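# A look at the structure
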Amino acid sequence: MRCNGKRTNYKFVAKGHWFPDGLRLLCEISGPGAEKTSLLLHMSGTGQVTIEAVLPGEKTAGALPFERWNDPLVGTDFSYETW
């Protein structure tokens with residue numbers, strides 16, 4: 001990501017596995033400094049999707065409501081729906 005001509009690097013790590021109840025994808029996105037977001041995306045065999053997130057500054061995961069899926073990730077232009 002470029003802001004004012006400077007390059008900012010973000011670390012993205014994803015691990016996925018298909019379980020009997022559907023696909024689970026665990027993602028960690030780290031920004032500059034200590035900012036980190038952890039996500040667990042679950043897509044059932046019927047196509048239902050849920051997201052649980054541990055956002056920067058939080059200690060526990062919580063369900064991310066659908067209306068927040070357009071929120072930016074770790075201060076970037078990316079959102080939960082753009083990947």
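It should be noted that the structure appears before, not after, this text.
Now for a description of the structure that goes with this document. (Residues numbered from 1 in each chain as written. Predicted model: local features only at pLDDT ≥ 70, side-chain atom pairs only at ≥ 80, totals over all residues. Heavy atoms only, no water.)

### Section: the pattern of salt bridges
All told, the structure shown has three salt bridges when counted by the stated rule. For Asp21, the salt bridge identified is with Arg24, shortest N-O distance 2.6 Å. Given the relative accessible area of 27%, Arg24 is considered partly exposed. Where Lys36 meets Glu28, a salt bridge forms, and the shortest distance between an N and an O atom there is 3.9 Å. (Salt bridge = Lys/Arg side-chain N within 4 Å of Asp/Glu carboxyl O. Buried < 20%, exposed > 50% of the residue type's maximum accessible area, 1.4 Å probe, protein only.)

### Comments concerning the pairing of strand 6 (residues 49-54)
Relative to strand 6, strand 5 (residues 36-43) runs antiparallel, the two being bridged by six bridges. Within strand 6, the residue paired with Leu39 across the bridge is Ala53. A loop of five residues connects strand 5 with strand 6, the two strands running antiparallel in sequence, and Gly47 in this loop sits at a positive phi of about 95°. In this sheet, strand 7 (residues 62-63) lies alongside strand 6 in antiparallel orientation, the contact comprising two bridges. Bridged to Ala53 within strand 7 is Gly62. (Pairing = 2+ DSSP bridges. Helix = DSSP H or I, 4+ residues; strand = E, 2+ residues; numbered from the N terminus.)

### Overview of the sheet that holds strand 4 (residues 22-30)
In spatial order, the strands read 3-4-5-6-7; together these five strands make up an open sheet with antiparallel pairing. Here the strands that pair on one side only, and so sit at the sheet edges, are strand 3 (11-19) and strand 7. In terms of strand pairing, strand 4 meets strand 5 through eight bridges, oriented antiparallel. Looking at the pairing, Leu26 lines up with Leu40 of strand 5.

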